[in-house]
Amino acid sequence: LGTAFHAEREAASGVGRSDAPEIEMAAQKARTAEDLHRFIELDFQLAKRMSRLHDIRYDNSEFFGNKNIEHTQAEREWRYSVGNHWHVGKRDGLVRHKQTGKYYLLEYKTAAYSPNYFNRLELDRQCSSNLQALVHEGVDVAGVIYDVTHKPLIKMLKDRKTKPDETIEEFHDRFIETMAADKLKYFERRIVYRTPEQLAEHDSDVHQIFAQIENAHATNSWPRNTSNCDKYGRLCAFFSVCGGGQAGAEIGGMFRIRERKLPELSE
């Protein structure tokens, strides 16, 4: 759903791929079993409805509302050198504020609703990396427009005594109705800033990370990241390999050769 929403926002920007939703949906289908294609299509339909609500929410006279910002870039990859390595990433967009003339990095996020979501942005590495990339490109950026679309914490209604189970279409209708009833809650746009000192500290962090990678290569040392063993409510697919060292056929059965490259790797 996050991928679908990003594609819808890219198309809505007017400076990105106008057919981004169709391209991304085809890419999702290419990497997914055919019996799941209908659910992918429904997710993209839901993302389109969310994007319309987004436009309604910000089509106003707010200082950072849609009427006051002009899109100059859509989704774009970047890279800059760090010693003998490349630091790479992708930003969602770049906009110019019409009243001030200042440029802002634009970041879209979709996430389950949490009142504390924005607390982590003070140290968010992605924001800092994207800003640092723009510094390397010679673009003077005032800050980050961090645009979060929160997903309602609701579930499909099942095992009802007097009614049949809720269909996906009915659930999506209720999903949109919930968001529309409280747009201020489900659509939040904050402005995030970084001082030169904070960006310098981030740059030091990046250099240290690459130094750790170089050291790992030199010493053939690859410590396991056990904090990710059970993230997102389920065990990592490689848990039995790390825990019991059972490689071979088990790993081989988890992969297949792709028929074609992903669109973003086509070049």
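Here the structure is a predicted model, which is why all the values come from computation and not from measurement.

**Q** How would you explain unusual backbone geometry if you had to name every residue and give the values?
**A** Within the chain, Asp159 stands out as a residue other than glycine whose phi angle is a positive 55°. Turning to its location among the elements, Asp159 is positioned in the loop between β6 (141-151) and α5 (168-181). The phi angle at Asn220 is positive, at roughly 50°, despite the residue not being glycine. Looking at the element boundaries, Asn220 is found in the loop between α7 (196-219) and α8 (239-244).

**Q** An account of the pattern of salt bridges is requested, with residue identities and associated values reported.
**A** With the rule as written, the count across this model stands at 14 salt bridges. Residue Glu169 pairs with Arg38 through a salt bridge whose shortest N-O separation is 2.8 Å. In this pair, Glu169 is assigned in helix α5 and Arg38 in helix α3 (residues 37-58), connecting sequence segments 131 residues apart. Classification of Glu169 as partly exposed rests on a relative accessible area of 35%. Accessibility expressed as a relative area gives 42% for Arg38, which makes it partly exposed.

**Q** Can you explain the sheet that holds strand β1 (residues 69-73)? Please cite residues and give values.
**A** Pairing is mixed across the open sheet formed by 5 strands, whose spatial order is β1-β4-β5-β6-β7. The open sheet terminates on both sides in strands that have one partner only, identified here as β1 and β7 (187-192). This sheet shows a mean twist of 35° between the axes of neighbouring strands, independent of strand direction. Both strand β5 (residues 103-112) and β6 contribute to a ladder of 10 bridges, which runs parallel.

**Q** Can you explain the packing of α3 against α5? Please cite residues and give values.
**A** It is the contact of α3 with α5, at a shortest axis distance of 11 Å, that shows an interaxial angle of 20°. Considering their axes alone, α3 and α5 lie roughly parallel with respect to each other. Note that α3 runs across α5; the crossing there is right-handed. Along the contact surface, α3 presents Arg38, Phe39, Leu42, Asp43, Leu46, Arg49, Met50 and Leu53, while α5 presents Ile168, Glu169, His172, Asp173, Phe175, Ile176, Met179 and Ala180. When its residues are assigned to classes, the contact of α3 with α5 shows 10 nonpolar, 1 polar and 5 charged.

**Q** Give me the side chain of Ser51: which residues, what numbers.
**A** Turning to its location among the elements, Ser51 is positioned in helix α3. Polar side-chain contacts of Ser51 include one of 2.7 Å to the side chain of Arg9. Contact partners of Ser51, with chain neighbours within four places excluded, come to Phe5, Glu8 and Arg9.

**Q** Now, about the pairing of strand β3 (residues 85-91): what can you tell me, with residues and values included?
**A** Bridge count between strand β2 (residues 76-82) and β3: 7 bridges; the pairing is antiparallel. Looking at the pairing, Val82 lines up with His85 of β3. Linking β2 to β3, which pair antiparallel, is a turn of 2 residues; within it Gly83 sits at a positive phi near 65°.

Each value, and the rule that gives it
Residues numbered from 1 in each chain as written. Predicted model: local features only at pLDDT ≥ 70, side-chain atom pairs only at ≥ 80, totals over all residues. Heavy atoms only, no water. Helix = DSSP H or I, 4+ residues; strand = E, 2+ residues; numbered from the N terminus. Salt bridge = Lys/Arg side-chain N within 4 Å of Asp/Glu carboxyl O. Buried < 20%, exposed > 50% of the residue type's maximum accessible area, 1.4 Å probe, protein only. Pairing = 2+ DSSP bridges. Axes fitted to C-alpha atoms, helices over the stretch in contact; angles between N-to-C directions. Parallel < 35°, antiparallel > 145°, perpendicular 65-115°, else oblique. Left-handed = near helix turned anticlockwise from the far one by under 90°. Contact = heavy atoms within 4.5 Å. Nonpolar A, V, L, I, M, F, W, Y, C, P; charged D, E, K, R; others polar. Polar contact = N/O pair within 3.5 Å; in protein donor to acceptor, adjacent residues only side chain to side chain.

Without other data, these values stay purely geometric and don't point to any function.
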